[in-house]
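A structural walkthrough
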Amino acid sequence: MSPEPGYVSPVQPLEARLSEKYPVDDLEEGQLEEEQVMQEPVRESFLEEDQVMQEPPMKSRWGSPKEEFVSHADNISRTSRWNRSSLTPECGEVMVSEEHHSSGSGSGYHSVEKLSADDYSDRECCSSDHVEVENEDRASLDQGGMNMLLGSRSVNNFQKLNKINEGTYGIVYRARDEKTKEIVALKKIKMKEDRFEEEYGFPLTSLREINILLSCNHPSIVNVKEVVVGGKNDNDVYMVMEHLEHDLRGVMDRKKEPFSTSEVKCLMMQLLEGLSYLHTNWIIHRDLKPSNLLMNNSGELKICDFGMARQYGSPIKPYTQMVITQWYRPPELLLGAKEYSTAVDMWSVGCIMAELLSQKPLFPGKSELDQLQKIFAVLGTPNESIWPGFSSFPNAKAKFPSQPYNMLRKKFPAISFVGGQILSERGFDLLNSLLSLDPEKRLTVEEALNHGWFHEVPLPKSKDFMPTYPPKRC
Ligand SMILES: Nc1ncnc2c1ncn2[C@@H]1O[C@H](COP(=O)(O)OP(=O)(O)OP(=O)(O)O)[C@@H](O)[C@H]1O
């Protein structure tokens, strides 16, 4: 896979960073041999014997993740991996003041308070999907991971401004770096996921997210600056990220009109460029959805939330299908496929493109079965000739209502007599090809990036001319 023109090859920085972070000394016994065989940009230290690759796995659309992706990282107690900007622990004053000030965007008041372990609620929000993902490589994790945090800065160096959001794996705060005065996002890792954390000391999804995000370097991927520790018992772990004012979910919820075609193209290009970087580096995101796409008032879009992300390679290994939030989950996963590829992300991209164009979710299923029915009602019920192998999926036995036609064009017409959003032939071709039921026929990220829709008028809007939005209130 060749990198996007105009970008420094994403492979090189990742490789360089990894070799810097994981010197040979840090590898476990037996890993060196594997590393020497490996010429490709994979985290060498995570390779298993049976995962030694002779050729780039991107040749195959199907792959399996590196099961050991985070497990060996746990044994590495080098401080440099965890602190990009400073190796010196600095224990600043604990902020206890209560004050009000306006946000960077000029409106809204935010209370300033001390960061403490009490900030995090015990709300159980770990979905069964996520628990299942944990099971994938629980067995491969060996030792507690807290020693990796040695040398990390204290969270007391940050002044918490307001809570931005709370997701399954963490609470995200807007905060200010006391030293640089920079506004950042702090994602506090929830430590009470399940048995796993009790045994190993650190949630696997979070380790995975931190590992991948620290290794990535791309304008369309949220930048994690460092990992800091602190809180009441000095046990809390926070990711310090660049702060973006919005996420796409919030923007779309508050927007009265859909994005214009040129705005959709601008957002899609950025999403695809970020995803191209990931797929080139053998990473499947596995949870692309509007709330995981951050946006700022400079028209930038960045992919975040890598809790579900995985590196993959050959040979194929069975894998959980319980990933990707249901509305954006592709039919092969809903049907029970255990082997899947980067194509799962491309389906999510198709759903996101449809939502950007129409301002409403394309397949808002209420259950997995309903999700499949909604998909088939629009795209047609598959059979062996449309999708070879379809009937052998575990969940293909269900009786789906027969829909012999693809009805997608009805939802995205070329002409509208009521002034609604229209989609050109090329635009429809891109959307329809992203939403191919058969993952083997689905567009790859490179094919999508090179699609003619991006070259026809209206051209993608420049980021500088993208609309800005007022800050959301929390
Ligand atoms: N760097 C950031 N800047 C601004 N807001 C952010 C940032 N990172 C995350 N957020 C906000 O916090 C929300 C939750 O973050 P994230 O998705 O990383 O958490 P999570 O616990 O993994 O969520 P999920 O429940 O989707 O798995 C995002 O939807 C976004 O609104």
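Below: a short report on this structure. Here the residue numbering is sequential within each chain, running from 1 through the sequence in written order. Whole-chain, interface and lining totals are the exception, using all residues; otherwise, since this is a predicted model, local features are given only for residues with pLDDT of at least 70 and side-chain atom pairs are given and counted only at 80 or more. Side-chain numbers here rest on the full set of heavy atoms in the structure, without hydrogens or water.

1. Concerning the pattern of salt bridges
Any two side chains of opposite charge can pair, on the condition that their charged atoms come close. Just to be clear on terms, a salt bridge is a Lys or Arg side-chain nitrogen sitting within 4 Å of an Asp or Glu carboxyl oxygen. This model, assessed by the stated rule, comprises 18 salt bridges. Notably, a salt bridge pairs Glu-226 with Arg-153, separated by 2.7 Å at the nearest N-O pair. Of this pair, Glu-226 sits in strand β7 (residues 224-230) while Arg-153 is found in the loop between α3 (128-137) and β4 (158-166), placing the two residues 73 residues apart along the sequence. Across this residue pair, the class does not change: Glu-226 and Arg-153 are buried. Among the ionic pairs, Asp-305 bridges to Lys-187, the shortest N-O distance being 4.0 Å. Placement of the pair is Asp-305 in the loop between β12 (301-303) and β13 (310-313) and Lys-187 in strand β6 (residues 183-189), with a sequence separation of 118 residues. Only protein chains enter the accessibility calculation, which uses a 1.4 Å probe; a residue whose area is less than 20% of its type maximum is buried, one above 50% is exposed, and one in between is partly exposed. Residue Lys-187 is classed as buried on the basis of its relative accessible area of 8%. Among the charged side chains, a salt-bridge network with shared partners connects Arg-153, Asp-177 and Glu-226. Under the DSSP-based scheme used, a helix requires at least four consecutive residues in state H or I and a strand at least two consecutive residues in state E, with every element numbered from the N terminus.

2. A short note on the side chain of Asp-177
Among the structural elements, Asp-177 can be located in strand β5 (residues 170-177). On the accessibility criterion, Asp-177 (6% relative accessible area) is buried. In terms of polar contacts, Asp-177 uses its side chain to reach the side chain of Arg-153, at 3.0 Å. Nitrogen and oxygen atoms within 3.5 Å of one another constitute a polar contact, given that in protein one can donate a hydrogen and the other can accept it, and given that sequence-neighbouring residues count only through two side-chain atoms. Among the polar contacts made by the side chain of Asp-177, one reaches the main-chain amide nitrogen of Lys-179 at a distance of 2.9 Å.

3. Brief notes about the sheet that holds β7
Strands qualify as paired when DSSP identifies two bridges or more between them. Spatially, five strands are ordered β4-β5-β6-β8-β7 in an open sheet, and the strand pairing comes out antiparallel. Taken across any chain shown, the strands that pair with only one partner, and hence form the sheet edges, are β4 and β7. Averaged over all neighbouring strand pairs, the angle between strand axes comes to 30°, with direction disregarded. Across six bridges, the pairing between β7 and strand β8 (residues 236-242) is antiparallel. Across the sheet, residue Val-228 finds its bridge partner in β8, namely Tyr-238. Fitted lines through C-alpha atoms serve as axes, helices being fitted only where they are in contact, and the angles separating the N-to-C directions of these axes extend from 0 to 180 degrees.

4. Observations concerning the state of the cysteines
Disulfide: a covalent bond connecting the sulfur atoms of a pair of cysteines. Put simply, a disulfide is two cysteine sulfurs that come within 2.5 Å. Throughout the structure, instances matching the rule amount to zero disulfides. For Cys-216, which is in no disulfide, the shortest distance to another cysteine sulfur is to Cys-304 and amounts to 13 Å.

5. Let's talk about the site of the ligand
In the vicinity of the ligand, 21 residues are found, and the nearest of them are Thr-168, Tyr-169, Lys-187, Asp-247 and Ser-291. A distance of 3.2 Å is found between a nitrogen atom of the ligand and a backbone nitrogen or oxygen belonging to Leu-244. Interatomic distance of 2.9 Å between a side-chain N/O atom of Asp-305 and an oxygen atom of the ligand. Methods summary: accessible areas were calculated by the Shrake-Rupley approach with a probe of 1.4 Å, and residue burial reflects only the protein chains presented. For the ligand, whose accessible area on its own is 620 Å², the fraction buried by protein is 94%. Any residue with an atom within 4 Å of a point lines the site, the site being either a cavity, points on a 1 Å grid over the protein atoms alone where a 1.4 Å probe fits but cannot get out, or a pocket, an open set with protein on both sides within 12 Å along at least 5 of 7 lines. In this description, a molecule resides in a pocket or cavity if more than half of its atoms sit within 2 Å of the grid points defining it. Taken atom by atom, the bulk of the ligand overlaps the largest pocket. Polarity classes work like this: nonpolar for Ala, Val, Leu, Ile, Met, Phe, Trp, Tyr, Cys and Pro, charged for Asp, Glu, Lys and Arg, and polar for all others, with Gly in that last group. Grouping the constituent residues of the shell around the ligand by class yields eight nonpolar, seven polar and six charged. Note on definitions. A residue lies near a molecule or strand when any single heavy atom of the residue is within 4 Å of it.

6. Focus on the environment of Ser-152
Turning to its location among the elements, Ser-152 is positioned in the loop between α3 and β4. Here Ser-152 falls in the buried class, since its relative accessible area comes to 7%. Between the alpha carbons of Ser-152 and Val-227 there is a distance of 6.4 Å; along the sequence they are 75 residues apart. Within polar-contact distance, the side chain of Ser-152 engages the backbone oxygen of Val-227 at 3.5 Å.

7. Let's talk about the layout of surface pockets
Grid points are joined across faces, edges and corners, and a volume is the space filled by probe spheres set on the points. The computed volume of the largest pocket comes to approximately 540 Å³. Forming the walls of the largest pocket are 27 residues, and the residues nearest its centre are Asn-165, Val-172, Ser-291, Asn-292 and Cys-304. When residues of the lining of the largest pocket are traced back to their parent elements, those giving at least two are β4, β5, β6, β8 and β9 (246-247).

8. Observations regarding the sheet that holds β9
With antiparallel pairing, the three strands of this open sheet are ordered in space as β9-β11-β12. The open sheet has two free edges, formed respectively by β9 and β12, since each of these has just one partner strand. Where strand β11 (residues 293-295) lies against β12, three bridges are found, and the strand directions are antiparallel. Bridge pairing in β12 links Leu-294 to Lys-302. In what follows, residue pairs with any heavy atoms lying within 4.5 Å of each other are defined as contacts. Strand contacts of helix α7 (residues 261-280): β11 and β12, with the helix running at about 30° to β12, the strand carrying the most contacts.

9. Here's the deal with the packing of aromatic side chains
A pair of aromatic rings is counted whenever rings of Phe, Tyr or Trp (Trp by its six-membered ring) have centres within 6.5 Å, and the orientation is called stacked for planes under 30 degrees apart, edge-to-face for over 60 and tilted otherwise. Inspection of the entire model under this criterion finds six aromatic pairs. Between the aromatic rings of Trp-347 and Phe-363, the centroid separation amounts to 5.9 Å while the plane-to-plane angle is 15°, which identifies the pairing as stacked. Highlighted residues: Trp-347 in helix α9 (residues 343-358) and Phe-363 in the loop between α9 and α10 (368-379), separated in sequence by 16 residues. When sorted by exposure, Trp-347 lands in the same class as Phe-363, which is buried. Put simply, the rings of Phe-376, Trp-387, Phe-390, Phe-393 and Phe-400 pair up and form one aromatic cluster. A cation sits over an aromatic face here: Lys-255 above Phe-259, 4.5 Å from the ring centre. Charge-over-ring placement is defined geometrically: NZ (Lys) or CZ (Arg) within 6 Å of the ring centre, and within 35 degrees of the ring normal.

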